[in-house]
Amino acid sequence: MSTPHLPNWMTPVVEGYGMTAPGGVQRTEVAGGMSRVALQWDCGVAVFRVTLILDDTQFSVWNAFFLRTIRKGAISFTMPLDSGFGTSDHLATMVPGSYSANRTAGVLYAVSFQVEAEPGGNSLSDADADALLGFYNEYGRDSDAMLARLHQFANLDTLVLGT
């Protein structure tokens, strides 16, 4: 059986969206000094707070997905999340006891739950992370504009030379 995917038109609302830091760091207090901190494991999962705003029909489809496809959250599924590197599909598992559905103004439902998912930054190598930090330290907020201009130069402007 393939991994179920959250229906395409169900996207989490951005307002109120959040996530925790992945675990794996241990802190030990030391009398009379700074605490010792140690990395227990690399990678790990973060908990994301998700809200979907659904109309009556979408809420019915959601309930079919929730109750039958992912068995009340017991089955992992793929959903779009932004873990700091833009929105991309993440394998998510619902946190038991975090689900709620509330009727809002009129015929809309606010469906909220938490999922555990591995943040996208875990796939970066140390060299990639260092390069990203160095690039941002050099160009700051202008880095997006500089990359957009570089993209235009490499993929559009230089094509004129070949004709």
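Residues numbered from 1 in each chain as written. Predicted model: local features only at pLDDT ≥ 70, side-chain atom pairs only at ≥ 80, totals over all residues. Heavy atoms only, no water.

Draft legend 1. Summary view of the overall build of the protein chain. Secondary structure summary: the protein chain contains 3 helices and 8 strands in total. Counting from the amino terminus, the protein chain carries its helices and strands in the arrangement β-β-β-β-α-β-β-β-β-α-α. Against the 2.2 N^0.38 benchmark of 15 Å for 163 residues, the protein chain shows a C-alpha radius of gyration of 21 Å, more extended than a compact globule. Projecting the C-alpha coordinates of the protein chain onto the three principal axes gives extents of approximately 65 × 55 × 35 Å. Buried positions account for 23% of the 163 residues belonging to the protein chain. Here the analysis covers contacts within the protein chain between residues at least 6 apart in sequence; of these, 62% occur between residues at least 24 apart. One way to put it: in the protein chain the 9 positive side-chain charges average out to a point 13 Å from where the 16 negative ones average out. (Helix = DSSP H or I, 4+ residues; strand = E, 2+ residues; numbered from the N terminus. Rg over C-alpha atoms; globule rule 2.2 N^0.38 Å. Buried < 20%, exposed > 50% of the residue type's maximum accessible area, 1.4 Å probe, protein only. Contact = heavy atoms within 4.5 Å. Lys, Arg positive; Asp, Glu negative; His and termini not counted. Charge placed at Lys NZ, Arg CZ, Asp CG, Glu CD.)

Draft legend 2. Region of interest: the environment of D157. Along the chain, the position of D157 falls in the segment after α3 (143-155). If near-sequence neighbours (up to four positions away) are discounted, D157 is found in contact with R149 and Q152. A distance of 2.8 Å separates the side chain of D157 from the side chain of R149, its partner in a polar contact. (Polar contact = N/O pair within 3.5 Å; in protein donor to acceptor, adjacent residues only side chain to side chain.)

Draft legend 3. Up close: the pattern of salt bridges. The tally for this structure, following the rule as stated, stands at 3 salt bridges. Note that E29 is salt-bridged to R27, the shortest N-O span being 3.9 Å. The residue R149 makes a salt bridge to D157 at a minimum N-O spacing of 2.8 Å. (Salt bridge = Lys/Arg side-chain N within 4 Å of Asp/Glu carboxyl O.)

Draft legend 4. Quick peek at the environment of F85. Positionally, F85 belongs in the loop between β5 (77-82) and β6 (87-94). For the pair F85 and F66, spaced 19 residues apart in the sequence, the C-alpha separation amounts to 27 Å.

Purely geometric numbers; function is a separate question.
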